[in-house]
Amino acid sequence: MASAGAAALARALLAWALVALPLALPQPHGHRKVVEKEASFDTTYADWVDADLLNIYAFNHSVRRNWTEGVRVSVNVLSDHKDLPVLFVVRQKEAVVSFQVPLILRGLYQRKYAYQEVSRTLCQPQTKAEVETQHFYVDVSTLSLNASYQLRVTRVENFVLWTNVRFGFNATAAQPQYFKYEFPEGVDSVIVKVTSAMAFPCSVISIQDILCPVYDLDNNVAFIGMYQTMTKKAAITVQKKDFPSNSFYVVVVVKTEDEACGGALPYYPLSKHASPDEPVDQHNRQKMLEVMVSPAITSEAYVSSVLFCLGIFLSFYVLTLVIACWESCRQQKRKGLLAAMDSPSLDTASLLGHARSIPDSFLGRAPYDSYGYGSFGNGSSSSAEGVTDSMGSAEVSYGYVGQEQFKRRTPSAPLRPLSIAMGERSLENVAGRPRLDSLSSIEEDDYDTLADIDYDKNVIRTKQYLCVADLARKDKRVLRKKYQIYFWNIATIAVFYALPVIQLVITYQTVVNVTGNQDICYYNFLCAHPLGNLSAFNNILSNLGYVLLGLLFLLIILQREINYNRALMRNDAHALECGIPKHFGLFYAMGTALMMEGLLSACYHVCPNYTNFQFDTSFMYMIAGLCMLKLYQKRHPDINASAYSAYACLALVIFFSVVGVVFGKGNTAFWIVFSVIHIVATLLLSTQLYYMGRWKLGEPGGGTAVSGAGGGQRGGTPPGTTSPLPADSGILRRILHVLYTDCIRQCSGPMYVDRMVLLVMGNIINWSLAAYGLIVRPNDFASYLLAIGICNLLLYFAFYIIMKLRSGERIKLIPLLCIVGTSVVWGFALFFFFQGLSTWQKTPAESREHNRDCILLDFFDDHDIWHFLSSIAMFGSFLVLLTLDDDLDCVQRDKIYVF
């Protein structure tokens, strides 16, 4: 009985707890009321909702398997309760879409923007049945006391895009649009083009797979698929293989702010009583757009374009082979004619040691009566007659391993005064020393460090008129070793430079493919043809010309070097004593630089942007520098810069290029520093070139001094004499003394007129470029720096040709044709270069405004043609440097003037 009583008590307590618990919980103000309504399309429902009411609108529509129909839900909340929004939930068969009104979207710096009118397109579920009726529901709820709204559900006309059919529509930040496209049979890739007449508001174009939900708001559009920002133009190439359903969505979203497209941030009003988190109403931020989907090129177009590219540049190989065969036949005929002659020509006789005529200029007669030597001071004609050759007075030997010495005899009488002035030291033992030691034991300093030889340099190099023989006195094998370092250094630089570059651009391309963010790379999207993982294969393929023509140039240089070495082995007189001294190291470096320019330009175009633009220009700086060095080396072989100092200067140029790209945009301090360095470097280099490196401003303890452009002391003070300047007077005082002596007291004209004209013009151009950079401060600093190098190269090249013609030399047919043809090709190339299909100086969206369609084979754009033409023009320019002085191959070096 006790147990039965206990059980009854427990049941009573449990019943009391169940009754009392609801009373203890907080009760709502009223009972929640749910109202479900059958709704239809194209009807506007004006209704209200509060915290105690839930409205449900039930819709149904028929879905067919082979027909896609879009459904769009549009709402407008008339009440202004930003803190208590109205919540809309759309429940479908396979997806749920929810949003609140006012819709709050965030911009830069977490700014909030509110939208009262919202429209969303519903994701369309797939069906396997021929016809299926599907239901979806729109739930409307809120926590406010009373909120009125309007609801309308419509069918989207033209939801499916058709090939080559243009369709226009409107979109806002709260009313995005998206459409469906299905690949037709036989089409493997298409290009989606979206255009607008208005640049702003900024918008985003996205390509997404047929999945639910569709990410069509500014805060989530970048979650999946490919996307890019847009002002007036956008284009995305879509490949069928990337979409298993053979279809995709084209999503268009208007951004809340224009900063991503280069626009200004909107004014953000904040009153005294307003909260910083108060959302801003942007009113009607709407954009009108047009979309069109067109088929991209087929695989056959890829093959034909590759064959076209190969055919163009391989034809240069064929043309080179034909010219080489023609030249070989011509040389054979010439040898036959010479063999049939009874007596050798005058030039041949002179080369073989027979009597030859000495030019008037070397006999003390006009036009060189004013020969002057800086260290002699008097500039007398007897001094001028003292140096006619660089190797002394009697027999001077030129010997090579395994060959007999070839001897050249010159008059010994005129050299007697110079022998006395030089302390009766004969240079014959230097020139004719045994050449049996190994290359590794030959050092350039063996010749340069002797005091009397250093003084001899001052005597020779400061003459008013120089011949190549005066500046070709060093051991030929020493110079050959010196200039070979150019090639080996640039080959080493290329390997260590290219490997990380390739790794970096592969990473860039991988990031683009994985994230789908096409704003990372600045392509010409209207003519960007993908292949594999590469987004713009055509821009990479067009760089093939640099590599193939660079290799061809190396082969031409190799053949020339082989022929030259064979001539030396058979003691050919012309190879030993005539023409510009043959050094091929710089040519090899130029060919390698051209090949590397093609490789690195291709790497840059894998993902072009401002962070890797230096890849496209680094070897352009090197090519410009090497061409200037080669021009200077032609007639100054002994005093040309070493590879180490040359590449160190080029490395400094590339360093400034990187610093300018990163920090130079609008930075006044950087431009001031760079302009000062530019002008000072120009002055120092001008002085070095004017005095052939034989200048000093004085040294502590009685160092030498050099005078300026006029008469007076030049070169250096002879041994045993004292400098007229105090040793401790300082550089500035010595400079002022030189200017006073040469420009005020004597007011003498420049001793080296031609050099002075070149250097004055060079200083005017460089100072003008420095002033332009300081005033304008261009954003593209790398191109500005490259323009400085190219302007100086063109100036020096024009000076070289003019002085060559002034000196009575001629230009043979092949170099003349190369000059004319190269100039024409450069003109067309620059025309296509300045078309400007993209620019990383602006935002990606603004850059796409410059995009254009393909113009060659529906595969190559203007910039690709620039690649074609510029590679041909560079190759032609190299050939001009190679063949420009071929007319001097039978002229003795003491008859070839230096300028």
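Computed from a prediction, not measured in an experiment: that's the story for all the values here.

Q: Is there a simple way to explain the pairing of strand β2 (residues 44-49) in this structure?
A: Two faces, one strand: in a regular strand the side chains alternate between the faces of the sheet. Of the two faces of β2, only one is covered, namely that formed by Y45, D47 and V49; the face formed by T44, A46 and W48 stays uncovered. Summarising the sheet, β2 and strand β11 (residues 147-156) pair through six bridges and their orientation is antiparallel. Paired with V49 across the two strands is A147, which belongs to β11.

Q: Got a minute to help me understand the pattern of salt bridges in this structure?
A: Pairs can form between side chains of opposite charge once their charged atoms are near each other. Counted according to the given criterion, the structure contains 20 salt bridges. For D216, the salt bridge goes to R120, with nearest N and O atoms at 2.8 Å. Residue D216 is found in the loop between β16 (203-208) and β17 (226-230), and its partner R120 is found in strand β9 (residues 117-121); the two are separated by 96 residues along the sequence. A salt bridge links E809 to K804; its shortest N-O distance comes to 3.1 Å.

Q: Would you mind showing me how to read unusual backbone geometry here?
A: Note on backbone geometry: most residues besides glycine have negative phi, and most peptide bonds are trans. Backbone torsion omega between V101 and P102 reads 5°, so that peptide bond is classified as cis. With respect to the element layout, P102 can be found in the loop between β6 (96-101) and β7 (103-106). With a phi angle near 55°, R777 is a residue other than glycine that sits in the positive phi range. Following the sequence through the fold, R777 ends up in the loop between α18 (753-776) and α19 (781-806).

Q: What should I look at first to understand the side chain of D218 in this one?
A: With respect to the helices and strands, D218 occurs in the loop between β16 and β17. A distance of 3.0 Å separates a polar atom in the side chain of D218 from a polar atom in the side chain of K255. Only 3.4 Å separates the side chain of D218 from the side chain of T256, close enough to count as a polar contact. Here D218 is in contact with R106, V253, V254, K255 and T256, once residues within four sequence places are set aside.

Q: Looking at this structure, how should I read the packing of helix α9 (residues 476-515) against helix α15 (residues 643-663)?
A: Any two packed helices are characterised by the angle at which their axes cross and by the distance between the axes. Contact geometry of α9 with α15 gives a least axis separation of 9 Å together with a crossing angle of 40°. Accordingly, the angle class assigned to the pair α9 and α15 is oblique. In the packing of α9 onto α15, the handedness of the crossing is right-handed. Residue-level contacts link I485, Y486, N489, I490 and I493 of α9 to A643, Y644, A646 and Y647 of α15. Of the residues that constitute the contact of α9 with α15, the class distribution is eight nonpolar, one polar and no charged.

Q: What is the right way to look at the state of the cysteines in this model?
A: Formally, a disulfide is one covalent bond, and it connects the sulfur atom of one cysteine to the sulfur atom of another. Summed over all chains, the structure comprises four disulfides. With a sulfur-sulfur separation of 1.8 Å, C202 is cross-linked through a disulfide to C261. Judged by the sign of its S-S torsion, about 45°, the cystine formed by C202 and C261 is right-handed. With C202 in the loop between β15 (189-195) and β16 and C261 in the loop between β19 (247-254) and β20 (280-281), the pair connects residues that are 59 residues apart, well separated along the chain. The exposure class of C202 is buried, given its relative accessible area of 0%. There is a disulfide in this structure between C521 and C607, and the S-S distance comes to 1.8 Å.

Q: So what exactly am I meant to see when it comes to the packing of helix α16 (residues 668-690) against α18 here?
A: The geometry of α16 relative to α18 is characterised by a closest axis approach of 9 Å and an angle of 175° between their N-to-C directions. It follows from the interaxial angle that α16 and α18 lie roughly antiparallel. On the side of α16, the interface is formed by W671, I672, S675, H678, I679, T682, L683, S686, L689 and Y690, while α18 contributes R755, M756, L759, N763, N766, W767, L769, A770, G773 and L774. Split by residue class, the contact of α16 with α18 holds twelve nonpolar, seven polar and one charged.

Q: Looking at this structure, how should I read the environment of V251?
A: Among the structural elements, V251 can be located in strand β19. On the basis of relative accessible area, V251 is assigned to the buried category, the value being 0%. Sequence separation between V251 and P176 is 75 residues, and the spatial gap between their C-alpha atoms is 7.6 Å. With residues up to four places along the chain from it excluded, the contact list for V251 reads Q177, Y178, V204, I205, S206, Q208, V214, Y215 and D216.

Q: Can you help me understand helix α14 (residues 613-635) in this one?
A: Three or four residues apart is the spacing at which side chains of an α-helix point the same way, because the helix has 3.6 residues per turn. Taking 1.5 Å per residue as the helical rise, α14 with its 23 residues ought to reach 33 Å, and the 36 Å between its terminal C-alpha atoms agrees with that figure. Along α14, 21 of the 23 residues are buried, which leaves the element largely enclosed by surrounding structure.

Q: Looking at this model, I keep getting lost on the nonpolar core. Mind explaining?
A: Nonpolar side chains tend to gather and get buried jointly when the protein is soluble and globular. Y486, F619, L626 and F674 are the most contacted members of the largest nonpolar core, which totals 114 residues. With near-sequence residues (within four places) excluded, Y486 lies in contact with G585, L586, A589, L626, L629, A641, S642, A643, A646 and Y647. By size, the runner-up hydrophobic cluster in this structure holds 33 residues, among which are V73, V101, A147 and A174.

Scoring rules and cut-offs
Residues numbered from 1 in each chain as written. Predicted model: local features only at pLDDT ≥ 70, side-chain atom pairs only at ≥ 80, totals over all residues. Heavy atoms only, no water. Buried < 20%, exposed > 50% of the residue type's maximum accessible area, 1.4 Å probe, protein only. Helix = DSSP H or I, 4+ residues; strand = E, 2+ residues; numbered from the N terminus. Pairing = 2+ DSSP bridges. Salt bridge = Lys/Arg side-chain N within 4 Å of Asp/Glu carboxyl O. Polar contact = N/O pair within 3.5 Å; in protein donor to acceptor, adjacent residues only side chain to side chain. Contact = heavy atoms within 4.5 Å. Axes fitted to C-alpha atoms, helices over the stretch in contact; angles between N-to-C directions. Parallel < 35°, antiparallel > 145°, perpendicular 65-115°, else oblique. Left-handed = near helix turned anticlockwise from the far one by under 90°. Nonpolar A, V, L, I, M, F, W, Y, C, P; charged D, E, K, R; others polar. Disulfide = S-S within 2.5 Å. Expected span 1.5 Å × (residues − 1). Core = buried A, V, L, I, M, F, W, Y, C linked by side-chain atoms within 4.5 Å.

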